[in-house]
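# Reading the structure
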Amino acid sequence: MKILVTGFDPFGGEAVNPSWMAVEQLPDAGPGAEVIKKSLPVVWFEALKILEGYIEELRPDVVVMCGQAGGADSMRIERVGINLCEARIADNAGIKLVGDPILKDGPAAYFSTFPFRAMFAAVEEAGIAVKHSFSAGAYLCNHVLYGALHMAETKYPNMKAGFIHVPFLPEQVQDKPEGTPSMPIETIAKAIRIMVETIAKEA
Ligand code: PCA
């Protein structure tokens, strides 16, 4: 089985993005799986174009996309991607979108096709905080999730896809209001590794 795993570049004034730091640490192969790791830019439409290129080139069985959810107090398994671009902040190219669709005539939403219950159980079993999430927001993470699920729906019906959001690192919250949650990189990396291994077994 071929699994494409992505993380994002830093954005929003942060020096790092824990999603890519954790993805980079994944082993290149798991039991029964080849793992290919790529980072994506935080730029509207550009990120999706690059991801589509990787999917065309690599034809993965599963696409595991990961991103930072600042303020989250647990790992978050995203369950739905919506057809909307709307964010408070501009992307890394300086573009701000408010209310644009991702795909003009696309459906309102797609559900993740991950084996999310098994993933949740495996991470919980390892003692790492994890939640199901029913909104990935409407910024770049939701953008690539919706785009990958649309690609699966219209072109690659056997390809599974879904999104994992990760909290800030402890070093990122030092300049933030007291109580802003964080998770060490080792824990985030372990949770992603467990989820990828579970996908390799279940998907
Ligand atoms: N998080 C952002 C985009 C890139 C990332 O890592 C998001 O949640 O949409």
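Residues numbered from 1 in each chain as written. Predicted model: local features only at pLDDT ≥ 70, side-chain atom pairs only at ≥ 80, totals over all residues. Heavy atoms only, no water.

## A look at the side chain of Ser-112
- Assignment of secondary structure puts Ser-112 in the loop between strand S9 (109-111) and helix H3 (116-125).
- The class of Ser-112 is buried, set by a relative accessible area of 6%.
- Looking at Ser-112, its side chain comes within polar contact range of the main-chain oxygen of Ala-161, at 3.5 Å. (Helix = DSSP H or I, 4+ residues; strand = E, 2+ residues; numbered from the N terminus. Buried < 20%, exposed > 50% of the residue type's maximum accessible area, 1.4 Å probe, protein only. Polar contact = N/O pair within 3.5 Å; in protein donor to acceptor, adjacent residues only side chain to side chain.)

## Quick word on the pattern of salt bridges
- Counted according to the given criterion, the structure contains 9 salt bridges.
- A salt bridge links Arg-59 to Glu-56, with the nearest nitrogen and oxygen atoms 3.9 Å apart.
- Arg-76 serves as the salt-bridge partner of Glu-78, at 3.1 Å between the closest nitrogen and oxygen.
- The class of Glu-78 is buried, set by a relative accessible area of 0%.
- The class for Arg-76 is partly exposed, based on a relative accessible area of 22%.
- In this structure, a network of salt bridges that share partners links the residues Glu-14, Asp-175 and Lys-176. (Salt bridge = Lys/Arg side-chain N within 4 Å of Asp/Glu carboxyl O.)

## Some words on unusual backbone geometry
- In this model, Phe-45 sits at a positive phi of 65°, which is unusual for a non-glycine residue.
- Checked against the element boundaries, Phe-45 lands in the loop between strand S3 (33-40) and helix H2 (46-58).
- Classification of Phe-45 as partly exposed rests on a relative accessible area of 37%.
- Residues other than glycine seldom take positive phi values, yet Arg-59 does so here, at roughly 45°.
- By the secondary structure assignment, Arg-59 is in the loop between H2 and strand S4 (62-68).

## Focus on the pairing of S3
- Two strands pair when backbone bridges link them, and strand S1 (residues 2-8) and S3 are joined in this way by 7 bridges, in the parallel orientation. Within S3, the position partnered with Gly-7 by the bridge is Ser-39.
- In this structure, strand S2 (residues 29-30) lies alongside S3, joined through 2 bridges in antiparallel fashion. Looking at S3, one finds that Ala-29 is bridged to Glu-34.
- Between S2 and S3, which pair antiparallel in sequence order, lie 2 residues; one of them, Gly-32, sits at a positive phi of approximately 70°. (Pairing = 2+ DSSP bridges.)

## Overview of the site of the ligand
- All residues in the neighbourhood of the ligand are listed as Phe-8, Phe-11, Asn-17, Val-42, Gly-67, Gln-68, Tyr-139, Leu-140, Cys-141 and His-165.
- In this structure, an oxygen atom belonging to the ligand sits 2.8 Å away from a side-chain N or O atom of His-165. (Near = heavy atom within 4 Å.)

## Concerning the sheet that holds strand S10 (residues 130-133)
- Taken in spatial order, the 7 strands make up an open sheet running S2-S3-S1-S4-S11-S5-S10, and their pairing is mixed. A strand with exactly one partner marks an edge of an open sheet, and here the two such strands are S2 and S10.
- On top of the sheet, helix H4 (residues 140-154) reaches S1, S3, S4, strand S5 (75-78) and strand S11 (160-166); it is set at about 170° to S11, its chief contact. (Contact = heavy atoms within 4.5 Å. Axes fitted to C-alpha atoms, helices over the stretch in contact; angles between N-to-C directions.)

## Things to note about the environment of Lys-160
- Counting through the fold element by element, Lys-160 comes out in strand S11.
- When the C-alpha atoms of Lys-160 and Ala-72 are compared, they prove to be 25 Å apart, with 88 residues separating the residues in sequence.
- Discounting chain neighbours no more than four positions away, the residues touching Lys-160 are Asp-61, Val-62, Val-63 and Thr-113.

## As for the side chain of Thr-198
- Secondary-structure assignment places Thr-198 in helix H5 (residues 185-202).
- Within polar-contact distance, the side chain of Thr-198 engages the backbone oxygen of Ile-194 at 2.7 Å.
- When sequence neighbours within four positions are dropped, the list of residues in contact with Thr-198 reads Ala-118, Met-119, Ala-122 and Ala-203.

As far as function goes, none of this settles anything; it's purely spatial.
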